[in-house]
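# Observations on the three-dimensional arrangement
Here is how the chains run, residue by residue.
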Amino acid sequence: MSPQPQAAVGAPLSRVDGRLKVTGKAKYAAEHDIDGVVHAVVVDSSIGRGRVTGIDIRAALAQDGVLKVISHLNAPKLAYRENRSSNNPSGERLHVFQEDKILFHGQPVAVVVATTLEAAQHAASLVQVRYDAEKPSTDLTKASAHDPVTYARGDTDRALQSVAVRLEMTYRAVRNHHNPMEPHATVARWDGGKLTVWDKTQWVVGTQTELAAVFGVGQDSVRVISPFVGGGFGSGLRAWPHVTVTAVAAREVGRPVKLVLSRRQLYFGTGFRPAYEYAVRLGSDRRGRLTAMVHDIRAETSTYEDFQESILAAGQMLYSMPNVSQAYRTVPLDVNTPLYMRGPGYATASYVIESAMDELAHELGVDPIELRRRNEPADDESNGLPFSTRRLRECYSTGAREFGWHRRDPKPRSTREGDWLLGTGMAAGVYDTLRNAAEAHVRLDADGTAVVEAATSDMGPGTYTSMTQVAADALGLSMRNVTFRLGDSLMPPTPPHGGSMTMASVGSAVQDGCDKLRQQAIKLAVEDEESPLYGVAPADVVVRGGRLHVKDSPARGETYQRLLSRNDRPHLETAGAFAPPSGPERFSMYAYGATFAEVAVDARLGLVRVRRVLGVYDAGRIISPKLADSQALGGMVGGIGTALLEHTVTDHRDGRIVNANLADYLIPVNADVPDLRAIYLDGDDREADPIGVKGLGEVVHVGVAPAIANAVFHATGRRIRELPITAETLL
């Protein structure tokens, strides 16, 4: 089969949904206009642990427009069947309104339903809840941990006894919250035994599966719709309690119900990146060849679920060393359950490992890039597999050249500009190349336009656009003649929209479906005696601009429209699918990056300002450079927040989050965002998937915080081992 011309893939095209978004026509979860909708407001627990001993709803019910107040005292008993989906692997969850036990501050204890939002908000403030309160356990440093998950190769204890250079450090990363622009919201409507939900979710199939399990109905009795998501960063990867609350309320009042979490409620109504305490012991020879590294990790989780993320992988494969041991302990606390947040696991591990590598480079007097080059592995030492691609050396070289690394004086505190101390730092980044089974439906209509559907999401990376690019090239159509639809559980199933797996998984399914449909059309043409392509070998036919023609004889051909019209075919359609190969993996597959940062630190005030960030990435084939830049620059901005600003603060007396708002929880604003630049190495990883991509959205975040932390050390000579780095810690 002749390769299709590639006109859309690789081109820096604007978003196909951009006009809808800037004109306000894109409908997000809370904006769907459902006839007869009423409003719900959750009443949150004001204690962090204990039991509800009474709920007085009389004042609330007396308000005009209030329809019902629901709590564990009058809520229906729910099925809560086990749901071992990939976003809930343990099958455990919070059983909403099923008992009087309080597990964390802010837990839903009641919901008020009223005809207007204002009435529901006021009535919710009038609900009086009595508690038998206990002191919650919310301090990671003082609580007991679960048994560890461990990994080991070699003998680290023996190796560390005889190394030439040995370092021991403990790093701490505080809790971070996702804080997407769009708050989480759900609209639920029952039609008999059928439930339809309009939800902010990164996985319509996962939410559908969860609701079916909670209500004890078949999955075909639940439909989830989510055409637009206003940012997620991982917060929408599971159905949170408010989704169940909305569906319960809708069934109880017999009307559609809308529930929108407040900005404050996002801090305990959805998940977060957990806090970590991460101790490292490492040893090397005098030339910097790593001999051993010990990782001792503690991370917070809730008491009712054991949340774990991929914190161990980077320490096993990023650098070559014969001796590695790891112990990963989760610490159950009286908090709500954490969840994946951009670069989950790898971002935290990278902060620790890349900071430790910088400390070792300083101890040895070796350039940080050279130290990393000396410890590049030939293959994945955690499993013995060859890398599908691994071009970190090229990332280092390209980044060093473009950043001007050769101008760097390695001595800390050596460069000043008035009161500002200037420093540069770098860090490597890695993220797993995830992919999962996905399906797509493709239809080509007789007018020469195509519709492609898959139940995936678009929380900002540009799924609508990138899938349209893949489909347009595979079908030989212009972008304007292809429509990609997503965000409905009635569409073909796809994996979660997270973990950088969407392009590899859904994109490969779209490619497969469009290839099959194009081949259908070619077969129809070469077997049609009235076609100018009659008798041509199918492998010699390509499609460009909606016209099928012989590859080496463009004049010989015809359009899709003419072919379908002559054959009385209103459309052609087919299904596409992708699944990773069964059996053990033959390659170790990761995306890689090298991040370079320059900072200025006020010598008197301790203020840190990032001046520029450069990222160089080995991420396979880049479908859309414009969308890739959007991902990379956004990841850098998030990394600036992680390094210098973001910090969820808990009052350990009662478990209350003190700064549950965007005035006190700091995230980068325009003034914090400096000169950002991304470079992508030309690549094509066909071992990973049929379209050669490796995923970009996670790895662009992973190395940013350690690069900034290392730059702060270079500027000041002070090593801060806790994120975020604040003026107080530098003074």
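Read on for an overview of the structure.

This model, assessed by the stated rule, comprises seven cavities of 30 Å³ or more. Its boundaries defined by the atoms lining it, the largest cavity holds a volume of some 150 Å³. Forming the walls of the largest cavity are 18 residues, and the residues nearest its centre are Leu94, Arg238, Ala239, Trp240 and Pro241. Among the secondary structure elements, those contributing two or more residues to the lining of the largest cavity are helix H5 (204-215), helix H6 (241-253) and helix H7 (266-269). Of the residues assigned to the lining of the largest cavity, the class counts are 10 nonpolar, four polar and four charged. Taken as a whole, the second largest cavity spans an internal volume of roughly 130 Å³. Looking at the second largest cavity, it is lined by 14 residues, and the ones nearest its centre are Ala173, Arg273, Thr348, Thr642 and Leu723. Elements with a minimum of two residues in the lining of the second largest cavity: helix H9 (346-364), helix H15 (625-644), helix H16 (699-702) and helix H17 (704-716).

With that settled, the discussion passes to the sheet that holds strand E18 (residues 438-445). Sheets are built from strands that pair by backbone hydrogen bonding, the pairs being arranged parallel or antiparallel. The strand order across the open sheet formed by four strands is E20-E19-E18-E24, and the pairing between neighbours is mixed. At either end of the open sheet lies a strand with only one pairing partner, and these are strand E20 (482-485) and strand E24 (571-578). Strand-to-strand twist in this sheet, taken as the mean axis angle between neighbours without regard to direction, amounts to 15°. With eight bridges joining them, E18 and E24 adopt antiparallel strand pairing. For alanine 438, the partnering residue across the bridge sits in E24 and is phenylalanine 578. Sheet strands in contact with helix H13 (residues 502-526) are E18, strand E19 (450-453), E20 and E24, and its direction is about 145° off that of E24.

Time to look at the pairing of strand E26 (residues 608-618). Counting buried residues in E26 gives eight out of 11 residues, a clear majority hidden from the surface. Pairing geometry for strand E25 (residues 590-602) and E26, over 10 bridges, is antiparallel. Its bridge partner being in E26, tyrosine 592 is matched across the sheet by aspartate 618. The antiparallel pairing of E25 with E26 creates a hairpin that spans five residues between the two strands, and glycine 606 there sits at a positive phi of about 80°. Bridge analysis of E26 against strand E29 (residues 675-680) gives six bridges, and the strand direction is parallel. When the sheet's bridge partners are listed, leucine 614 is paired in E29 with arginine 677.

Positionally, glutamate 646 belongs in the loop between H15 and strand E27 (650-651). There is no salt bridge for the buried glutamate 646, and the closest opposite charge comes from arginine 273, which lies 7.2 Å off by N-O distance. Once residues lying within four places of it in the same chain are set aside, the contact partners of glutamate 646 are Val174, Asn176, His177, Met341, Gly638, Gly641, Tyr665, Leu666, Ile667 and Pro724.

The next subject is the pattern of salt bridges. Applying the stated rule across the entire model yields 45 salt bridges. Arginine 443 is paired through a salt bridge with aspartate 445; the nearest N and O atoms lie 2.8 Å apart. Judged by relative accessible area, arginine 443 falls into the partly exposed class, the value being 25%. Residue aspartate 445 is classed as buried on the basis of its relative accessible area of 18%. One salt-bridge network, held together by shared partners, links Asp358, Glu359, Arg719 and Arg721.

The next point concerns the packing of helix H12 (residues 463-475) against H13. Any two packed helices are characterised by the angle at which their axes cross and by the distance between the axes. In the contact formed by H12 and H13, the axes pass within 8 Å of each other and the chain directions differ by 30°. It follows from the interaxial angle that H12 and H13 lie roughly parallel. For the element pair H12 and H13, the recorded crossing hand is right-handed. Of the residues in H13, those in contact with Thr463, Ser466, Met467, Val470, Ala471, Ala474 and Leu475 of H12 are Thr502, Met503, Val506, Gly507, Val510, Gln511, Cys514, Asp515, Leu517 and Arg518. Class assignment for the residues of the contact of H12 with H13 results in 10 nonpolar, five polar and two charged.

A few words now on the packing of aromatic side chains. Applying the stated criterion across every chain, the model contains 14 aromatic pairs. Measuring from centroid to centroid gives 5.9 Å for tyrosine 28 and phenylalanine 228, while their planes differ by 55°, and the two rings are tilted. Of this pair, tyrosine 28 sits in the loop between helix H1 (18-22) and strand E1 (38-44) while phenylalanine 228 sits in the loop between strand E11 (222-225) and H6; the two residues are 200 residues apart in sequence, bridging distant segments of the chain. One exposure class covers both tyrosine 28 and phenylalanine 228, and it is buried. The structure contains a cluster of three or more aromatic residues connected by ring pairs, namely Tyr346, Phe387, Tyr431, Tyr590 and Tyr592. Seen from the ring of phenylalanine 713, arginine 719 lies directly overhead, with NZ or CZ sitting 3.9 Å from the centre.

Let us now look at the sheet that holds E29. Taken together, five strands build an open sheet; the order of strands is E16-E17-E25-E26-E29 and the sheet is mixed. In this open sheet, the two strands that pair with only one neighbour each are strand E16 (415-417) and E29. In this sheet, adjacent strand axes meet at a mean angle of 25° when their direction is disregarded. The strands touched by helix H11 (residues 392-403) are strand E17 (420-432), E25, E26 and E29; relative to E25, the strand with the most contacts, the crossing angle is about 30°. Here H17 sits on the sheet and contacts E17, E25 and E26; the angle it forms with E17, its principal contact strand, is near 155°.

The next thing to look at is the environment of lysine 258. In this fold, lysine 258 is placed in strand E12 (residues 257-260). Taking the relative accessible area as the measure of exposure, lysine 258 reaches 16% and is therefore buried. Taking C-alpha positions, lysine 258 is 14 Å from lysine 68, a pair spaced 190 residues apart along the chain. For lysine 258, the contacting residues outside a window of four places in its chain are Ala30, His32, Val37, Val38, His39, Ala40, Thr186 and Val187. At 2.7 Å, the side chain of lysine 258 and the backbone oxygen of alanine 30 are in polar contact.

This brings us to unusual backbone geometry. At the junction of leucine 723 and proline 724, the peptide bond is cis and its omega measures out at 0° in the coordinates. Take proline 724: it is sitting in the loop between strand E30 (722-723) and helix H18 (727-730).

Counted at 1.5 Å a residue, the expected span for H15 with its 20 residues is 28 Å, and the 28 Å between its end C-alpha atoms agrees. Among all positions in H15, only Leu627, Ala628, Gln631, Ala632, Gly635, Met636, Gly639, Ile640, Gly641, Thr642, Ala643 and Leu644 are buried. Packing partners of the buried residues in H15 comprise H12, E26, E29, H16, H17 and E30.

Turning our eyes to something else, we now look at the nonpolar core. Counting residues in hydrophobic clusters, the biggest one holds 92 residues, and the most contacted among them are Leu282, Tyr319, Val599, Tyr617 and Ile708. Considering each element in turn, this core owes the most residues, 10 residues, to H9. Look past the residues within four positions of leucine 282 in its chain and what remains in contact with it is Leu160, Val165, Arg166, Leu167, Met169, Leu290, Ala292, Met293, Ala356 and Leu360. Core analysis: the second largest hydrophobic core is formed by 50 residues, Val442, Cys514, Val543 and Ile691 among them.

What counts, and at which threshold
- Residues numbered from 1 in each chain as written.
- Predicted model: local features only at pLDDT ≥ 70, side-chain atom pairs only at ≥ 80, totals over all residues.
- Heavy atoms only, no water.
- 1 Å grid on protein atoms, 1.4 Å probe; cavity = no way out; pocket = protein on both sides within 12 Å on 5 of 7 lines; lining within 4 Å.
- Points joined across faces, edges and corners; volume = space filled by probe spheres on them.
- Helix = DSSP H or I, 4+ residues; strand = E, 2+ residues; numbered from the N terminus.
- Nonpolar A, V, L, I, M, F, W, Y, C, P; charged D, E, K, R; others polar.
- Pairing = 2+ DSSP bridges.
- Axes fitted to C-alpha atoms, helices over the stretch in contact; angles between N-to-C directions.
- Contact = heavy atoms within 4.5 Å.
- Buried < 20%, exposed > 50% of the residue type's maximum accessible area, 1.4 Å probe, protein only.
- Lys, Arg positive; Asp, Glu negative; His and termini not counted.
- Salt bridge = Lys/Arg side-chain N within 4 Å of Asp/Glu carboxyl O.
- Parallel < 35°, antiparallel > 145°, perpendicular 65-115°, else oblique.
- Left-handed = near helix turned anticlockwise from the far one by under 90°.
- Phe/Tyr/Trp six-rings, centres within 6.5 Å; stacked < 30°, edge-to-face > 60°.
- Lys NZ or Arg CZ within 6 Å of the ring centre and 35° of its normal.
- Polar contact = N/O pair within 3.5 Å; in protein donor to acceptor, adjacent residues only side chain to side chain.
- Expected span 1.5 Å × (residues − 1).
- Core = buried A, V, L, I, M, F, W, Y, C linked by side-chain atoms within 4.5 Å.

Scope: geometric values only; no functional claims are made or implied.
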